Structure formats: structure tokens, C-alpha cells
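# Topology and contacts: notes
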4 protein chains.
Amino acid sequence: MTTIKDSVHDHIRIDGVARDLLDTPELQRLRRIRQLGTVSLVYPSANHTRFEHSLGVYHLACEALEHLNVDGRQAERVHAAAILHDIGHGPFSHNLEPLTHRRTGRYHDDVHDLLTNGEIGSVLRDHDLAPDRIADLIAGEGRFGQLVSGELDVDRMDYLVRDAHHTGVPYGTIDHGRLVRELTFTDGELVLDEGNVQTAESLLVARALMNPAVYSHSVARISKAMLRRAAERLLDAPETDVDAATLQRMDDHDLIAALRSCSATETFSRRLDQRDLYKRAVWAEIDDVPGGIIEADHEAVREFEREIADDAAVDPECVIVDVQSRPSMKESTSRVVVNGDIRRLGQQSPLVEALRAAQYSQWRLGVYSPPEMRERVGRAAVDVLGLDIEGALVSEVRNGLDATLDQFVD
Amino acid sequence: MTTIKDSVHDHIRIDGVARDLLDTPELQRLRRIRQLGTVSLVYPSANHTRFEHSLGVYHLACEALEHLNVDGRQAERVHAAAILHDIGHGPFSHNLEPLTHRRTGRYHDDVHDLLTNGEIGSVLRDHDLAPDRIADLIAGEGRFGQLVSGELDVDRMDYLVRDAHHTGVPYGTIDHGRLVRELTFTDGELVLDEGNVQTAESLLVARALMNPAVYSHSVARISKAMLRRAAERLLDAPETDVDAATLQRMDDHDLIAALRSCSATETFSRRLDQRDLYKRAVWAEIDDVPGGIIEADHEAVREFEREIADDAAVDPECVIVDVQSRPSMKESTSRVVVNGDIRRLGQQSPLVEALRAAQYSQWRLGVYSPPEMRERVGRAAVDVLGLDIEGALVSEVRNGLDATLDQFVD
Amino acid sequence: MTTIKDSVHDHIRIDGVARDLLDTPELQRLRRIRQLGTVSLVYPSANHTRFEHSLGVYHLACEALEHLNVDGRQAERVHAAAILHDIGHGPFSHNLEPLTHRRTGRYHDDVHDLLTNGEIGSVLRDHDLAPDRIADLIAGEGRFGQLVSGELDVDRMDYLVRDAHHTGVPYGTIDHGRLVRELTFTDGELVLDEGNVQTAESLLVARALMNPAVYSHSVARISKAMLRRAAERLLDAPETDVDAATLQRMDDHDLIAALRSCSATETFSRRLDQRDLYKRAVWAEIDDVPGGIIEADHEAVREFEREIADDAAVDPECVIVDVQSRPSMKESTSRVVVNGDIRRLGQQSPLVEALRAAQYSQWRLGVYSPPEMRERVGRAAVDVLGLDIEGALVSEVRNGLDATLDQFVD
Amino acid sequence: MTTIKDSVHDHIRIDGVARDLLDTPELQRLRRIRQLGTVSLVYPSANHTRFEHSLGVYHLACEALEHLNVDGRQAERVHAAAILHDIGHGPFSHNLEPLTHRRTGRYHDDVHDLLTNGEIGSVLRDHDLAPDRIADLIAGEGRFGQLVSGELDVDRMDYLVRDAHHTGVPYGTIDHGRLVRELTFTDGELVLDEGNVQTAESLLVARALMNPAVYSHSVARISKAMLRRAAERLLDAPETDVDAATLQRMDDHDLIAALRSCSATETFSRRLDQRDLYKRAVWAEIDDVPGGIIEADHEAVREFEREIADDAAVDPECVIVDVQSRPSMKESTSRVVVNGDIRRLGQQSPLVEALRAAQYSQWRLGVYSPPEMRERVGRAAVDVLGLDIEGALVSEVRNGLDATLDQFVD
């Protein structure tokens, strides 16, 4: 039994298969992957890693299983899945996922091969646990998969509290102790027990408030877009032989070193290091953006970028079009027991619909460029993308100013 | 200059008129009035007082004024109003307010005479401050009244964080630092500056989540209703000569001592002391309650109680009908600057409507009685009040059980 | 199983005999006894009660027992002792203990009769637990008595953290999670396991820092001395028939009400309510005080007070002589395992001796009086008690000023 | 004016010269240097950086100056010094300082050239601030140098609280608000005002407790020694042309990338990445170590390592001898006002001497090697270094076991 001190959950006791997994290189690698990627450029304290998050998820999973009276091999499987659930993340966590998914066809929770091979595979087999069953749990499959990756999973409970602790933004401070205690299985579904409509709402609300303040803060989005652009150039640079699968297995240090040393990416690298970021030329609400743009695939977006650059007479590297996918809200299908019946939270709570609407109103299309070209790029983007000019241009661009709107410079 | 250590805001520096007001008996009395009344019967750590809350409100007012660049006499007036804003509270804070208002015609923020007389009046006059202007600020009047008592007041910012700290319920943990910094005056209105729709929403959400979890928790409502019943009996007891104005000026100790020593109230007093509380016989949603009941005045409700008791053949003291007023949501008129225009939050944010709906769905009519009579009282109440029987009876009553639904015994 | 939300330990699960004890009037009474008595006159947020502390001690005892692999009846006994350990406290906790001990011969941890009679006795017998064995544990007897009341008990671990949380003074923030995990039994002694010299020191240091900042803060001592004087007058007042045993069973409300309504105590009562406190006329270090004074018994001290009053020509009620007992340091006999041997912390750590010396240097004799008489009373006290005049008089008295030295007015 | 959200101090407002310095590459570089170097291998949440610490130090300096009523150009100078005080740190903060000092003759606070050149120099000159005067403040010179780098500096106040927040070890939780408020200048000396002996002690104690638990935790020392060895090999590797001055200007990513790609260091690099660390073969108290060893210079220690390796017949890279310098305690000369006189804390408080003794008793000489060679290396080291064999060998080595003593595996 090992005890690890954690800034969020205090002492975490770790035992059994999880203890043995702890020492594998694959899990240790998560120490070097920041939980929130470029968000630390907005919130300078947000340097926490996937490793400590993985320990936290394991800890909450143990608590939940204890309350659910699950032990033995079933518990061991969930323990392994909880501590391994982020093993598939690449450098900067989610930041590069669209890129690596496009090129490898995989998301970070597709980990069958990672669990089968290497030291993780050995540890699992030593404990007589089938790697594929653990991988299925991580993919959210089966009864206990819901606990690891589902609408009411311990992953979310940990990251909301942890991100609040490290950013200083209090909105994520949920009552994880209560959530974990109120989980129960009814008809094979993981649900919150009677009297917890509001508990479920609080989880939803925490995420809805953390989203614009942290995860989709404009500076986080800009820096992430710059990083993704740089990584794409790296993959395509003739001077390197990094492919997407290799990229996916790097840690943050590897990627930063690679970007620094490749001539095609050193400018982006320097800009990210010095926080000399692109600025918003366009920041358009969903109603001001033609539907075709929102649904455009990667190639089409690249083509738009080239047209905008051409129109504005700037280098194509100076234009980034950042299209978010349409808003969705996973937690709306969280299940709660109300008067003895299982109901979807979305049926029960008017908040779900409202948060969906809020999310819709927070959606933004961004076009970014170096500050000195913002005005030209903004006007070109309005033309090329067919946007409503008043709604889409950020006000300094509209008024020919060159100031910053960013609340937090850092 | 005095520095006071506070569990929420750490060091509070207090100066000028506020420093002199601190030593008045009227302000010191707030040390003996619990902020949340009977809520400590649900959350045992919630023993904080109106005194520390008043210091906190003063502290946040100072910070807000500094950001608004207000100083001099205007600032002094707001300082005085902030520290005095709760001076009119009676014992157990809001718990008895419906009773004292009915009998005196006053709410706790009607403090013109309290500020004119006694030591407070002297201190204010020594500082050349007109008591009536301070009282107006406390009543929310004028430009700066909005800061003391309005949709975006520092009162709410303090109590949400403080109640969260002392109950352990995290939902009230708002970002008060940001709120205070983002306040600004536009066209004479106190508004949140550009980029703060979400900040305003977070305040709204915090209150909406704290409400059912803390302020309107069923056990808090039951104990409050019992206390109010006891206080009413005290006022009417021939053996005492306490009137409503006297009651209003008591502190918690006075009231508890009075209830213990009066034969008409000693049973309630013992029950409250021993947490031997009534239980819910009826807990009905708004749609299951005839409109006439919701609008009924105090006398009509008392009459319903007598009828129910009669019907159930129990002592009238064993029936309490607890009717909440119709849901309302003050913060929906908070104002925020959006693209340079002042907008009401309710116009801008779909959350406002949703929270209003949530509040509506959380509304409950309660009928309470000693546990052993719940079933009889519940069925009688359904008849007398014309409720929908399936919706209104709490399940143990419906099923003839005698268990507790309360999440937190304490 | 009941879950209670606590501001310090978050969720506390309570079960078995402890759950049944929770509803007894004797335990519920602790809700109305402040943990730190008059300390709230220094730290206004310090309104926490013996009730929540008792729950915290129970919680830590459960954790410790789990780590020690103790369950079954032995665990039940410790659970009962933990939750009941403060049942013998009178109003304002320790504040009146010297008085009640003098008159009843009992300290608060002498609870054999309280556990045998009343509802507590019934509950214990229903659970087949012998009240006397529980009372012995509370008195610190036997192997497990050390866990409830000893040098390394869970009582201290809870109160340090809880007092820090509620006062805002951080010094008490120990690592209770680690302490509880590192306890072990070796040769029947409760000791801290290998590698924990520093853990033991941290507990000692926390107490040594909290002591002058909180527990023995001069304003806390003054107000406590005033309360004790008032309570003594109450016991001796011909108009009341309160005796010391009755006093001991009161709660805070009872005592306050009694003091308010008795003519002999109403002045003290008003002063305490309005924080219109006596001030220090003398504040003398141990080396400036003749040994005979330090060892003087209660009657002798009362006689000194009368002489001082006489000498200063003031009413005897205007002089309070407050003699602390000689410094001692209980934790110095805490035991830790070092290289496989059990050692007393005092042998192992040079800090113990230093903290003893620090305690010695913090010891003060106080003489208190209303502010306007400080100078006269101070000079008279120097004469009567034979103090060193330069060392003993507080500087304002020495210099004829009438200012306050108190760091925190509240 | 910019506002930055910090996990420790909440909102930090940054203005004037500090605001302009914020955007320099030199300051942004501190985002990529971990505050505690390899301590994150013991406490996985300890990933905070010199950048956020620098902001915190700036914040506390602003508060202190406000209390000291210092503004204008003097304040601007201190602001610049506070935010720049760590600009000279190399990768992994203090971890490599002995190495870089040996080779460059400089410590991290020798920053005259860094402040004169580059963008920092431009910003300072734009604000009419002489770089040399700022560099002097950072070196602790002059009246205000004590505030930036002295016995009572804001550097220490920030790092203790920040390290506590991020490691989860509570001992560093000092009352920085009080410390900053109680600073005053007397006779040109920065001292703590009357009534603060204990405040000064609390700072001392916090550091004394954090030291063994965090800064000198054995696993932190081992990993730091391995990193230092690797960096030394890097500097000496023929295949690279990194010199000490270059090393000093790297960030963490640069160093890690360099260690990974150099054949002479890739083994250390892999071990650090995978937390496959050396273990203690020897862990000797100061009294068991000949004085000559403690005073030995770098070359002599390297020679001992070679001899030990030879004696144990292992590769020289498998032996690290880690000699701490003799204990010292800077804060003992902190000054406090006692009865109107300035006294050194060491004169006033018996704790100082005790903490010095505790530090002495915590001093350890370590000899580290891969786990499988511990026993051989340990016995050889005892011989070569002339240690007392019983006292020096860690118990597993003495008993031929191969277990771990580490409290926290991570």
C-alpha cells in the first residue's frame, strides 16, 4: 500500500493492480502532460498534469465502488480502468486531438493496444485482468464503464474540482463527496439516488460555467489553435519524420523540443513561448455564420484560410480559422431517481435546456492573426466566409483600434 | 484603524465611521444573532452570525468603492450603511420576519429610527452623517443603495461565500473578487461591465443551488415553522408581556430563554433543543395545490390548521401548515453591459428563465406534525386543503411508514 | 447510516451506537455550547460548537481505528467514547471549569454518572456497552483511552484544524490525515510509526502557536475572567438558587439568561454583551511575579483583589487578578518510533524543550479593571502583589495613557 | 492595468513597470521552470512555476509597500525587483545551482547583466529605472532589498504558502496577510512591529517543517542529485557544445530535450522520466560523518564516488555521494520590536536555537545507487568515507533487504 499526497484529495491510498500500474513508464509519462494544455497561458497556476488527475479519478472510483458495495475482481478492473483512463492522451491533452484523430482515426480513449502491450499489459496479466475488458471500461462500455466514462463519471468529478483548485476559478467546486455517495445502480443503469435532481444539476452547471471561463476562454482557444497549426506543420515538414502516431505518444517536452528545432514551426514555437499570441480578428456568434462554414471539413477550412490570406495579402500562416463544433450537452442524459422512477435529467430539469441555450449563445467562430494584421484579416474573413460584418468583427477591428479585449493577460 | 480576522476574507481593516459604529451595543448585538437561524439543525457547522457577515459586507463595499473610485463622504455613507445593513434583524434573522412584519408593519431593513436614536445616532452625527440618508441606502434607495441592497449587492456576495464556508455546501463559492471588480456605474445604474454575462449568471446560479440545499432545506423549513409558531404563542401568552416590537429587538439568547420559561412554548422549545422535530405529512408541488391556498392570508392558514387538526382529531398545536410565497427571482433584473448596451440579465441569459422554472418546480407546500401523527394529519390536510393526494403526501405517509426522508439528520 | 455535512471534514458518516447517541438530549445540548467560549470576542467567526467538534472527533476516531484494524465491539466502545467525550462540558466549555471544579470536585471528563443515567445510559445498554468502560476511555484510561484522550488523541487533531478554520488563524492547520494514518500500537502504547518525529513536532508546534494567538489571547483571557467572576457571583447571589452542579448542566443560553436576570451579575452581563471589557492594568512575565502569587489558592487571590481594590479606592468588582497555572506541556511525552525504538518526543526533539521555554516566556499574570481605573488599579496591584513595576505594568498604564494594545479589537 | 487570476492570492492586479515587464521573453520563460524542480516526483501536484511565484511575490510586495506608505519611484523599483527576482534561475530552479555556480561563478540572484540587456533593459529604461539599482534590490542590498531578499522577505512568504497549496503539505500555511501588515522600518531596518515575536516564530517554524517534508525529502534529494549528475555529464559530453552559461539560460523543456538526446545522459533521463530512481545506500547523521567529508570540495567528492564504485565493483555512474552543506538558519536574524527595542529573533525566542538543533539532527549524508547494488555500494561507502556503519547504512541495506523506505512513492 502506498500513500500519495494530492493537493485536491489530500491522501490517496493506492493498492493492488493500481499500485503496480503506477510504476509503468506509460503512466509515469502522464506526469509530463499538462491537464489543460495551453490554458496555463490564461491562468498561470494551471500547470497540473494528467498524472495527478489520474490518481484523483482512481481515488473517487474507489470511493464510489465502496458505496456501491463492489469489491473483488470487478473492483480491480474498475481501479485499473480509472487509473489508466487517460493513458491514450497525447501532448497537451485534448489540444491536438482533432489533428491526431484525423490522421490516425483514433481518439485518446481508444486504448486496446496500449493496454495489451508493454509494461501495462504485463501488469494487467500478472493480476489476471484481461486488457480488453479494461479498455472497454475506459471506452465507457458496460455497466461499470459508465462510472469511468459516462454522464456521471468520476473523471468529470475530479477534473472540475482540480481545475478549479489550480486555475483559481471557483465554479468547478462541486460536492464530489455527495455525488460519489449518491450513485447507485438501478436496472443496470448508473443513476443518482432519490433526492438528487439538484446534485445532478450542480454538476451540469459547474461544467457550463467552467466552459467559457476556462476551457473555451478565447486566449486558450487562440493558443490551442496556434499549437495545432504548428503540430500540423511539424507532421508535414520534410525535414522531420514525425508522424501522427509518434506525435500521439510524445509528452509535452518532446513536442516543444520538436517544434523549437523544426524550421517550419519555430515561429509558432517562439510565439507560444513568449505569449506573443495571435489576436481575434473575427469572433462571430452562431447566427452570424452560414451553416456551411460550421459543417465544413478540415480541408475546406484550410481552403478558407488560404482565400482569406490571399484576399488580405498576408502570409497564409498568419490566418487561422477556428470553427467549434455545434454545441452538445452530454450530461443531459444523466439519470436521476425521482419518486422511484429513473428519469433523464433533461426531462426533469428546465436547467438542461437553458444551459444548452447558453452554450449555443456562447458558441463562437474565431479568425485569428498577428495583431498588426487583424483589421485586414478580419475584413477579408467577413467577405470570404460570408459573415454578418457587424456581428462578427471584434470591436477593435471594426473600429480600427489595436487593443486587447482579454480579461486576463495571463 | 483596527484589523479583524475573519474566516472568509482573512484580515478586514476597519476605519472611520465604521470603526466607531463597531463598538455600539446595537452592532455588538448582531454577534448573538445567527445568520441562518435554524439551518444549524441541518448543517451543524452553520453557527455564523450577522456580526461577522456585517463585517464582510463592509469589507466588500470598501473594495467595490475603491474600484469605482468613490471616496470621501459618499464612501463614508456607504461604509456606514454596509456595516449597519442588518441592524434591524430580530432573533434568528429572517426566521421570524413574517410574524414581526405582520404585527409591526416593518421589515428588517426599515431602520430609520434605529439609526436616529441610541449610540448609532450619536456616532453618525459625530461623523456628520445624516441617519436618514444611511437608512435610505440600507433600504436600497439611490445610486449607491444598489450596492448595499440591490440585484448586485455586496450583501449577497458575502452571504453566499460565507454560508458555503460554514455549511460546507460548496455551491455558494462565487468569485466575489471578480464581481466586486467588474461593477461599474453606467447612466446611474450599477451594472456589471462588458464580458460578464457569465459572471452575473454565476451569482444567480449560486443562489439557485444554495436555496434548496440550504435556505429551504425541508428540515430548516420545519424547524423555522416550529420556531415561528412558538414565537407567536409567546406573543399571545397571557403570562408574558412580550410584544412584537420587543421580540424584534431581542437576540437569540433572549428568545430562547423566553421560550423556555413560558408554559405556552416550553414544548416547542424542548423539541427544538433536542432536535425532536415535526415531520412532513404533506409536501406538495405547486401544481397540486389550489391557488386559493397559496394566496391565503395568515388568518386563513391558521383556520386551515384548526380544521385539519379537528379532522385528524389531534391537538391544534400538532399541525403546522407552511405556505411559501410564489417563486420570484430578484437577480433577473441584474444589469450587464453587452456590446456597449446595458441589458437586463433576464433578457440576455436563457438561464434566468430556467432558474425561475427550477424554482417553481422546487416550490413546496408543507404540512408538519409530530411523527406519530403524520399519517392522520397528512390525510386530513389533503381533504381540507383540496390537494391531489398522490402528489401531496410524502411517501411514508402514503404508504403508512414512519421513516425519515431527510438526507442529513443534522 | 446518516451522513452529516461538516465544514471541516466534509461528509461524516455516522452509524451504530454513535448514530443512536446523536439523538439524545445530552448530545444535542452540545449544539448550544461554543467550542471556544469567549474567544469569539477576539475572532468573530469563532462560533463553532462542541457538537460539531464531537462529530469531528468521532470521524477521526473511525479513521484511526480503520488504520489500526480495530473493529467489532472494541471499535463501538471507542466510537461511543469519541462522540461523547465532551458531554461533561458546562456552558462556554472550559471557561468556567476552574469554578465548577472548585465547587463540585469534578472536571468535564468525569462522566460516569452522565453515561449511566438518562437516554445515553439507555442507548449504551441497548448496544450492550458498559457505561463505565466508555467513561474510562473518556478519562484516557486503557489502551484505547490514549486515542480519545492522550498525548496523541484525535480530540486535539480535530480541535486544532477546526479552530483554525473558524478563527482564520492558520497555525492549527495540521496534517490530520497523516497523523491518523501513522498511529500504531507498540507494546500497548499508542505511538507514531517510524519516520514521524516531524509529524509529532508539527502537532506540538501547532498547539504552541495557537495558544497565544487564540486560546490565551489577552482579550480572550479578560473576557473569560469576567465571565467566571459573573458566574461566581451568580452562584453566590441570594436571589437565585443556582448551584455549581446546575450551572455545569446549563447550556450557553441558560447561563446568559441567568446572568442577565440576576441583579448581582447584570453589569458583567451587559459588559460582555457590548464588548465593553476590562483592560489590562498589569501584564507581568513569570520572572516579575513572586512565586507565592503563582501558587496562591483561590481564596488568597480573592483576598489580593480586595486589597488591591481597597488600595486603589475602587469597588472590589472592578479588580480581577488572573493567575495562569505554571506552564506544562502534555505532548512532550508523545511517543514516536525511531529506528525501531519507542522514544518520548521530549527525548528526541529539541523543539519540545524550546516550546516549553517559549510557553514559559509567554506566561502572564493579568490584573484587569475598567479602562478608566487602569492606572490606579495597576499601581495598587504592583504594590500589593510585590511585582516588578517596570516589567508588570502595561505601557499605557505606566505612561498614564488610556489606549488599547489589542491587536484585534474583535 | 491587468488582472491575473492566481490559485493562491486570487486576483493579482498588475500595473506600471511590472505590467510591461510581464510581456518580456525573459519573464515569460519562468512559466517553463518548475518552482520545486524534482519535488514533483514526491508530490505529484507540485508542478507550479517560477512565473506564478514571481507574480505572487510582486503582489505581496505591493501590499507591504502600501502598508509602509511607500509609493512613487521607490515603489516602482521594488515592484520591478519583486517581479524580476527569479529571472536568473536556470532549469529546475535551485536543483542545478551548485553546478552552474561552480562553472560560472554566479548564483541566480546575480542579475545585473540580465536586467541591463534585452527587453528587460528596454522596459526598465523606458520607465527611467536604472537596471543596476533593481539588480541590487534583488541581491538584497539597501533598505528595500530586505523586503525582496532578506530574513523577512516577501519571497519566502509567497513560496511557503504556494508550496503548501500545491504539494498539499499544510505546514507552509503561514499568515502572510499578518506578516505583510506588521512589517515596519525602524532605524532603517525592516522589522516586525511590536507584538509579533510569535508571528516571526511562525515563519521560522513553517520553513523548518517544510524543509524535511518537502524541500529535503529524500526522494527529492535523490532525484535532484541524479539530475545534477546528468547535467554535469551533458556539459562534459564531447557530442554537445552546451556550456554552463547556456545551461543556465535554458528552460525545463530545453534541458529535458538535451538530456534525452545525448548518449551520455539518456540513461539518467530515462530513469527520471520513469521514476526509476536510485535508492539510498547510506543515509548518515552528521555525527556519524567525518568532518573532512562534510567540508570536501566537489572534486574530492567525485573522487570518493570513484573509489566507492571501484570498491563495490560497479560502474562509477552508479554511485552518487550527496553532501549537504552544514545547517544554517537565515531567519534567526529576523528583527522584531519588543517593548520598543529592536531585537534579533534569535535573542528573543528559544525556538530559534531549537530549530537550529532540529536542523542539525535532520542533516543527512546520502549515498545513492540503483536498487540492485545498494548493499554493495553502501558497504563500500562506509569503508571509503569512514562512516559509522550502524548509524549510516539504511536498514534494508544493513539487513540485506531490498525494500523502500519512502513514505510517498510519488
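Residues numbered from 1 in each chain as written. Chains lettered and ligands numbered in written order. Predicted model: local features only at pLDDT ≥ 70, side-chain atom pairs only at ≥ 80, totals over all residues.

Identification of chain A as HD domain-containing protein from Haloterrigena gelatinilytica is taken from an unreviewed UniProt entry.

### Description of the overall build of chain A
Along the backbone of chain A there are 23 helices and nine strands. If one aligns the C-alpha atoms of chain A with their principal axes, the spans along those axes are about 65 × 50 × 35 Å. Looking at chain A alone, contacts between residues at least 24 apart form 70% of all its contacts between residues at least 6 apart. (Helix = DSSP H or I, 4+ residues; strand = E, 2+ residues; numbered from the N terminus. Contact = placed C-beta atoms within 7 Å.)

### So, the UniProt feature "domain: HD" (unreviewed entry) in chain A
Mapped onto this numbering, the UniProt entry annotates "domain: HD" (unreviewed entry) at residues 50-160 of chain A. With 65% helix and 0% strand, the stretch residues 50-160 of chain A has end C-alpha atoms that lie 13 Å from each other. (UniProt positions renumbered as here; feature names shortened; annotations may be inferred.)

### Some remarks on helix α4 (residues 72-84) of chain C
With 13 residues, α4(C) extends 18 Å between its outermost C-alpha atoms, agreeing within 8% with the 18 Å of an ideal straight helix rising 1.5 Å per residue. Listed in full, the buried residues belonging to α4(C) are C:Glu76, C:Arg77, C:Val78, C:His79, C:Ala80, C:Ala81, C:Ala82, C:Ile83 and C:Leu84. (Expected span 1.5 Å × (residues − 1). Buried ≥ 20, exposed ≤ 12 C-beta atoms within 10 Å, placed from the backbone.)

### Quick word on the environment of C:His11
Turning to its location among the elements, C:His11 is positioned in strand β2 (residues 10-14). Measuring from C-alpha to C-alpha, the distance between C:His11 and C:Leu114 comes to 29 Å, with 103 residues separating the pair along the chain. In contact with C:His11, not counting residues within four places along its chain, are A:Gly177, A:Arg178, A:Arg181, C:Thr3 and C:Lys5.

### Brief notes about the interface of chain D and chain A
The interface is formed by 36 residues belonging to chain D together with 35 residues belonging to chain A. When contributions to the side of chain D that touches chain A are tallied by element, the ones reaching two or more residues are β1 (2-6), α2 (25-28), α3 (50-67), α10 (154-167) and α15 (252-261) of chain D. When residues in the side of chain D that touches chain A are grouped by element, the largest group, five residues, is from β1(D). When grouped by side-chain class, the residues that make up the side of chain D that touches chain A number 12 nonpolar, 15 polar and nine charged. (Nonpolar A, V, L, I, M, F, W, Y, C, P; charged D, E, K, R; others polar.)

### What to know about the relation of the copies chain D and chain A
Turning chain D through 180° and shifting it by 0.0 Å along the axis lays it on chain A, with an RMSD of 0.0 Å. Here the symmetry operator amounts to a two-fold rotation axis. Here 97% of the interface residues in chain D have copies in chain A that are interface residues too; the copies meet face to matching face. (Least-squares fit on C-alpha atoms with pLDDT ≥ 70 in both.)

### So, the relation of the copies chain A and chain B
Between chain A and chain B, the superposition needs a rotation of 180° and an axial shift of 0.0 Å, giving an RMSD of 0.0 Å. A share of 100% of the interface residues of chain A reappears at the interface of chain B, consistent with the copies meeting face to face through the same patch.

### Digging into the sheet that holds strand β5 (residues 279-285) of chain D
The strands making up a sheet associate through hydrogen bonds between their backbones, and the pairing can be parallel or antiparallel. Residue and element names in this part refer to chain D. Ordered by their spatial adjacency, three strands build an open sheet running β5-β9-β6, and the pairing between neighbours is antiparallel. Two strands in the sheet have a free side with no partner beyond their single neighbour: β5 and β6 (320-323). Direction aside, the axes of adjacent strands within the sheet are offset by 15° on average. By the bridge criterion, six bridges tie β5 to strand β9 (residues 364-369) in an arrangement that is antiparallel. Bridged to Arg-280 within β9 is Tyr-368. Contacts from helix α13 (residues 218-236) reach β5, β6 and β9 within the one sheet, and its direction differs from that of β6 by about 120°. (Pairing = 2+ DSSP bridges. Axes fitted to C-alpha atoms, helices over the stretch in contact; angles between N-to-C directions.)

### Here we look at the sheet that holds strand β6 (residues 320-323) of chain C
All names here are of chain C. Ordered by their spatial adjacency, three strands build an open sheet running β5-β9-β6, and the pairing between neighbours is antiparallel. Every interior strand has two partners, whereas the edge strands, β5 (279-284) and β6, have only one. If you compare each strand with its neighbour and ignore which way they point, the axes differ by 20° on average. Note that β5 and strand β9 (residues 365-369) share five bridges and pair antiparallel. Directly across from Val-282, in β9, lies its bridge partner Val-367. Helix α13 (residues 218-236) rests against β5, β6 and β9 of the sheet, and its axis sits at about 120° to β6.

### What about the confidence of the model for chain A?
Residues and elements named next belong to chain A. When pLDDT is averaged along chain A, the result is 92; 97% of the residues meet or exceed 70. Scored below 50 in pLDDT, residues 402-410 shows 20 contacts in the model against residues more than four places distant or in partner chains. Scoring the predicted complex yields pTM 0.91 and, for the interface, ipTM 0.93. (pLDDT = per-residue confidence, 0-100.)

### Topic: the packing of helix α15 (residues 252-261) of chain B against helix α15 (residues 252-261) of chain C
Closest axis-to-axis distance for the α15(B)/α15(C) pair is 9 Å, and the angle between their directions is 90°. Classed by the angle they form, the pair α15(B) and α15(C) counts as roughly perpendicular. Of the residues in α15(C), those touching α15(B) at B:His253, B:Ile256 and B:Ala257 are C:His253, C:Ile256 and C:Ala257. For the contact of α15(B) with α15(C), the class distribution of residues is four nonpolar, two polar and no charged. (Parallel < 35°, antiparallel > 145°, perpendicular 65-115°, else oblique.)

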